[in-house]
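Understanding the architecture of this molecule
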Amino acid sequence: AWAGLKKNPDKELEGMIMLNLGSIYKYMKKYDAALIHFRNALAIHRSIDNTEGIYNSQYSIMETFLLLHNYDSVKVYVEQNETFMDSVQVLKNRRLSHAFLANYYEQKGDLEKAVFHLKMYTRINDSLYDVNKDQAVLDLSKKYETEQKQHKIDLLEKTNLAQELTISRNYWLI
């Protein structure tokens, strides 16, 4: 993948590869190497204004610093991430950010902020559930309406065929 990327540069793909490499290093507990790749991914995603990539890069960096119990560094990215997430209206990402922040503040012993972010996480999670539920009801309603219309069309076609047969039979009788 890396060789192909060098021949045909694609910044978004390069950022994704950096994130994946960082995740592999993080899994292997090679946190310094993970952070290098996550920071490279963040720089790439910022350069192409890729909102999802920026969020994922920042989240991965925060998570890695949290694993290292490096709360000062986590705080820097938490503040950047909060500012960034305020400008982005992606509920899924906001929900994950609040879950992370609840965990972060709990580990720091700031239970008031931890509870606040847990409440925000729950509120967004409920909203996402409601949206998904509403979409499922809408999909079922559309499916039912489509089936009803198809049934009506089939019935009309049968009625039409019966009328044509009656006309044809009457024609032969005359």
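Residues numbered from 1 in each chain as written. Predicted model: local features only at pLDDT ≥ 70, side-chain atom pairs only at ≥ 80, totals over all residues. Heavy atoms only, no water.

Secondary structure summary: the chain contains 7 helices and 0 strands in total. Reading the secondary structure of the chain in the N-to-C direction produces α-α-α-α-α-α-α. Here the analysis covers contacts within the chain between residues at least 6 apart in sequence; of these, 50% occur between residues at least 24 apart. Just so you have it, the chain exposes about 12200 Å², and 57% of that area is on carbon and sulfur atoms. (Helix = DSSP H or I, 4+ residues; strand = E, 2+ residues; numbered from the N terminus. Contact = heavy atoms within 4.5 Å. Areas by Shrake-Rupley, 256 points an atom, 1.4 Å probe, with all protein chains shown as cover.)

Take the nonpolar core next. Core analysis: the largest hydrophobic core is formed by 23 residues, its most contacted members being Ile 61, Val 74, Val 78, Phe 100 and Tyr 104. For this core, the element with the highest residue contribution is helix H4 (residues 51-67), accounting for 7 residues. When near neighbours in sequence (up to four residues on either side) are disregarded, Ile 61 contacts Leu 35, Phe 38, Arg 39, Leu 42 and Tyr 77. (Core = buried A, V, L, I, M, F, W, Y, C linked by side-chain atoms within 4.5 Å. Buried < 20%, exposed > 50% of the residue type's maximum accessible area, 1.4 Å probe, protein only.)

With that settled, the discussion passes to helix H2 (residues 11-27). With 17 residues, H2 extends 24 Å between its outermost C-alpha atoms, agreeing within 8% with the 24 Å of an ideal straight helix rising 1.5 Å per residue. Looking at where H2 begins, the residue whose side-chain oxygen comes 3.1 Å from the main-chain nitrogen of Glu 12 is Asp 10. (Expected span 1.5 Å × (residues − 1). Polar contact = N/O pair within 3.5 Å; in protein donor to acceptor, adjacent residues only side chain to side chain.)

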